[in-house]
Amino acid sequence: MAAPKRIGIFVEFNYEDLELWYPYLRFREEGMKTFTIGPEEGKVYKSKNNYPCKADVGIDSVTVEELDALIIPGGFAPDYWRRDKRFVDLVKDMYTSGKPVASICHGAWMFCSAKILQGKRVTCFCAVKDDVENAGAIYEDSPVVVDGNLITSRVPTDLPDFCKAILKQLQ
């Protein structure tokens, strides 16, 4: 029997609740191992709505080899991650490895900071549209856009399509 797929999900202060918890639980239903990756292992980060989430692992102890996919939720948290080279490097390394890298909402900022958007089709929250276009992406206003191993969505109501696209790449 194959080992369960391992999916890392970024966590930081002001993350968007549903964009972290929906995939976290959805992929567990599929028998996969989901875990949160924060700046500090064991630290509790509160969402935009003050819902707590403890970082299962710290960013310093995560490698691309340990992950089958990476999910970047939105909210205001991506503005913190994009300033931290460790998070940006993990996103870039996952992309380069060909493994699924998925962002929703403001999570697309991480792709801008990782400089991996040139010529890629993506979607995101409308407030980030100019940023992804300025980073060289082709913006599409769709519930989910898949371009190679990049998977992007706009808002929490897109989560069912977002998770289906991730699952498809993991099969």
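Structure: see above.
Residues numbered from 1 in each chain as written. Predicted model: local features only at pLDDT ≥ 70, side-chain atom pairs only at ≥ 80, totals over all residues. Heavy atoms only, no water.

Draft legend 1. Structural detail: the overall build of the protein chain. What the protein chain contains, in helices and strands, is six helices and 11 strands. A globule of 171 residues ought to have a C-alpha radius of gyration of about 16 Å, and the protein chain, at 14 Å, matches this closely. In terms of overall dimensions, the protein chain has C-alpha extents of about 35 × 35 × 30 Å along its principal axes. Counting every position in the protein chain, which comprises 171 residues, the buried fraction comes to 51%. (Helix = DSSP H or I, 4+ residues; strand = E, 2+ residues; numbered from the N terminus. Rg over C-alpha atoms; globule rule 2.2 N^0.38 Å. Buried < 20%, exposed > 50% of the residue type's maximum accessible area, 1.4 Å probe, protein only.)

Draft legend 2. Quick look at the pairing of strand β1 (residues 6–10). With four of five residues buried, β1 lies mostly within the body of the structure. One ladder, built from five bridges, connects β1 with strand β2 (residues 33–38); its direction is parallel. For F10, the partnering residue across the bridge sits in β2 and is I37. (Pairing = 2+ DSSP bridges.)

Draft legend 3. Inspection of helix α1 (residues 17–29) at higher detail. Look at α1: 18 Å from first C-alpha to last across 13 residues, which is about the 18 Å you get at 1.5 Å a residue. For α1, the full list of buried residues reads D17, E19, L20, P23, Y24 and F27. Residues of α1 that are buried in the fold lie against β1, β2, β4 (52–54), β6 (69–72), β7 (101–104) and α6 (159–170). Just beyond α1, the residue with positive phi is G31, at close to 85 degrees. (Expected span 1.5 Å × (residues − 1). Contact = heavy atoms within 4.5 Å.)

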